[in-house]
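Spelled out from the first residue to the last, the chains are:
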There are 2 protein chains.
Amino acid sequence: MAQEFSAHESTFLDQLIAHGLLIPSGVQGIYGKSGVMENVICRIDELLTDIGREMSADIMRFPPVMNRVTVEQTGYMKSFPQLLGSVHSFTGKHREHQQLLNAMEEGQDWSQSLPSTQDVLIPAACYPVYPTLAGTLPEDGRLVDVCCFCFRHEPSPDPARMQSFRQHEFIRIADAHTVEQWHGEWIKRGDAFLRSLGLEPVVAPANDPFFGPGGRLLAASQQEQQLKFELLSPINSSEHLTAISSCNYHQDHFASKFGIYTASGEIAHTSCIGFGLERIALALFRKHGLDTAEWPVEVRKRLAI
Amino acid sequence: MAQEFSAHESTFLDQLIAHGLLIPSGVQGIYGKSGVMENVICRIDELLTDIGREMSADIMRFPPVMNRVTVEQTGYMKSFPQLLGSVHSFTGKHREHQQLLNAMEEGQDWSQSLPSTQDVLIPAACYPVYPTLAGTLPEDGRLVDVCCFCFRHEPSPDPARMQSFRQHEFIRIADAHTVEQWHGEWIKRGDAFLRSLGLEPVVAPANDPFFGPGGRLLAASQQEQQLKFELLSPINSSEHLTAISSCNYHQDHFASKFGIYTASGEIAHTSCIGFGLERIALALFRKHGLDTAEWPVEVRKRLAI
């Protein structure tokens, strides 16, 4: 039975913190996790790894940072400049160090002078994968299972909108027909996976939050072409649905940028299905309650918790 | 039997990449991991979680980013300014976006104008823990089990020196006597854990790479007071030893900065033992060879691989 959280009592975030499941850091969207919360997240991750293994996917795991040049190549800064985390670092000597410490001492911004490094935070789990596929694919293409921490700079009091969160993705890279079919199949497969955890996701066509005056047009076109769908579930409130999984058909966008070709020499197509691990875990706590010991027995069994 | 890697053939990094264990990103110190490599890393992590559970440690897991203010409070920028990763993000509107894209198009540095966010990359796994302990400890103090991705900006061709890597740490927070004793015990316990994986670590007193002209003095004092020891093992070459675990006694450094008091009202002391998960995994591949199927049966059994 769904747990009821009344908005006038306290927010869902307050309750997650009060139950020790999330640990506040003083920054919106950055939370530590308790052993219980982390265990649920890791078990969802492992179930997805099992699914990847059944499909004979190639496993790749990345740290939370990636090559800045790769992100430049993807065109991310055209579409989502407001979300990227750019990593900067101090490279001065003793004198600049003293200036930095003085600025910090006086409560000034000491970080503005730091030059950028070669690193940016990964914005989406599939991004580091594409450059590794440059060249000609095998006959039946590739299927990659990837998981990593992603970063999006959008501080929010909604616990579902974390700045740093894990995405577990499957990426299909092959000819257009194969990929388009795969994309369509994952509506059902993603739904079945989430239902196996006792969730009741709603499927909806969707679009990305493209930046700037041209953003609406891009979003409308993406939705019209049915390039993106999401699986949604209540997290922050029982009235509002949040995407817990997202499936994107990129057509030849990434393959053309990274030079990925099918065995017959055409530009490949790509599609990915991403599962937001923290969001799925939070949807489970919203649906089944804050005490995992009281979750439905079949859900506990499925998660082995 | 130890695998022999001849420097004149290729570097250890080359061999890890050739065997598909590490996936290059184009940036030194940032690598993807294969399923085999990641599985070894995760199994080491799980064994440490088991040890933490046996000690009834409180589990905390953090994302790779943390509150900038907390890092300011630790004094990290005094000692290691060159290593911190500061996260910056675009906050402009349409005009600034066009300027950014033009700069990128022309191959200029488009990131220098990005203001800093509230976030920095975590430099050491224990840092996000201290502010959560502010106040008075229970009678026998606290023991925390923490694991997260840490970042240090020190690009290097040595695969053991990654920019982004996982540290699994136990942190003891209590009165001075209890913590000093705990610190001493972990020389033996850390050694025993690593030996259970078939490694033969060397214990050595150590010091941190403090920045600037005063750094040597700080390092000498740290070593003289026996505040830091490391457990070392060959990774990049069979001649050179690399720290795979590090135990630090901070005395009252962190507790005084974050206001952590013992039950009897004194400033607490803290100590942590950190295990470098990628480094331990790499030490295993160096010691037992690049094919896990040929690792000693007792090591495979211990890791359940």
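Anything mentioned here points back to the structure above.
Nothing here was measured: the structure is a model prediction, and the numbers come from that model. The written sequence of each chain sets the order in which its residues are numbered from 1. Note on labels: chains are lettered from A, ligands numbered from 1, in written order. Thresholds applied to this predicted model are a pLDDT of at least 70 for local features of residues and 80 or more for the giving and counting of side-chain atom pairs; totals over whole chains, interfaces and linings are not thresholded and use all residues. Excluding hydrogens and water, the side-chain values take into account all heavy atoms of the structure.

Just give me the short version of helix H7 (residues 215-224) of chain B, but keep the residues and values in it.
Since one α-helical turn is 3.6 residues long, residues separated by three or four positions face the same way. All names here are of chain B. All of the buried residues along H7 are Gly 215, Ala 219 and Gln 222. Seen end-on, H7 carries its buried residues on one side only, within an arc spanning 65°. Residues of H7 that are exposed and point over 90 degrees away from its buried face: Arg 216, Leu 217 and Glu 224. Contact definition: two residues touch when any of their heavy atoms are within 4.5 Å. We count a stretch as a helix when DSSP gives it H or I for four or more residues in a row; a strand needs E for two or more, and each element gets its number in order from the N terminus. Buried positions along H7 lie against strand E11 (228-234) and strand E12 (241-251). Two residues or fewer past H7, Gln 226 is found with a positive phi of approximately 55°. Only protein chains enter the calculation, and the probe is 1.4 Å; a residue is then buried if its accessible area is under 20% of its type maximum, exposed if over 50%, and partly exposed in between. Directions drawn from the helix axis to the C-beta atoms are what define this arc.

Requested: an account of the pairing of strand E11 (residues 228-234) of chain A, with residues and values cited.
Residues and elements named next belong to chain A. Counting buried positions along E11 gives six out of seven residues, so the element sits mostly inside the fold. Judged from the four bridges that link them, strand E10 (residues 202-205) and E11 form a sheet pairing that is antiparallel. Bridging across to E11, Val 203 finds its partner in Leu 231. If you look at the hairpin formed by E11 and strand E12 (residues 241-251), you'll find six residues sitting between the two strands. Following DSSP output, two strands are said to pair if at least two bridges run between them.

Before we move on, can you summarise the pattern of salt bridges with the specific residues and values?
Salt bridges are counted wherever a side-chain nitrogen of Lys or Arg sits within 4 Å of a carboxyl oxygen of Asp or Glu. What the rule picks out here adds up to 24 salt bridges over all chains. Across the pair Arg 195 of chain A and Asp 191 of chain A runs a salt bridge whose closest N-O atoms are separated by 3.0 Å. Highlighted residues: Arg 195 of chain A and Asp 191 of chain A, both in helix H6 (residues 176-195), separated by four residues, approximately one helical turn. The salt bridge partner of Arg 53 of chain B is Asp 50 of chain B, with a shortest N-O separation of 3.0 Å. Remark: Asp 50 of chain B and Arg 53 of chain B occur in helix H2 (residues 35-54); sequence separation between them is three residues, near one turn of the helix.

Outline the sheet that holds E11 of chain B, supporting the account with residue identities and numerical values.
Strand order across the open sheet formed by nine strands is E1(A)-E2(A)-E3(B)-E8(B)-E9(B)-E14(B)-E12(B)-E11(B)-E10(B), with mixed pairing between neighbours. Both edges of this open sheet fall to strand E1 (22-24) of chain A together with strand E10 (202-205) of chain B, since each of them pairs with a single strand only. Across the sheet, the axes of successive neighbouring strands diverge by a mean angle of 25°, strand direction being ignored. For strand E9 (residues 164-174) of chain B and strand E14 (residues 269-276) of chain B, the ladder comprises eight bridges, and the chain directions are antiparallel. Paired with Gln 167 of chain B across the two strands is Gly 276 of chain B, which belongs to E14 of chain B. For helices, the fitted axis covers only the stretch in contact; all axes are lines through C-alpha atoms, and the angles between them, taken along N-to-C directions, range from 0 to 180 degrees.

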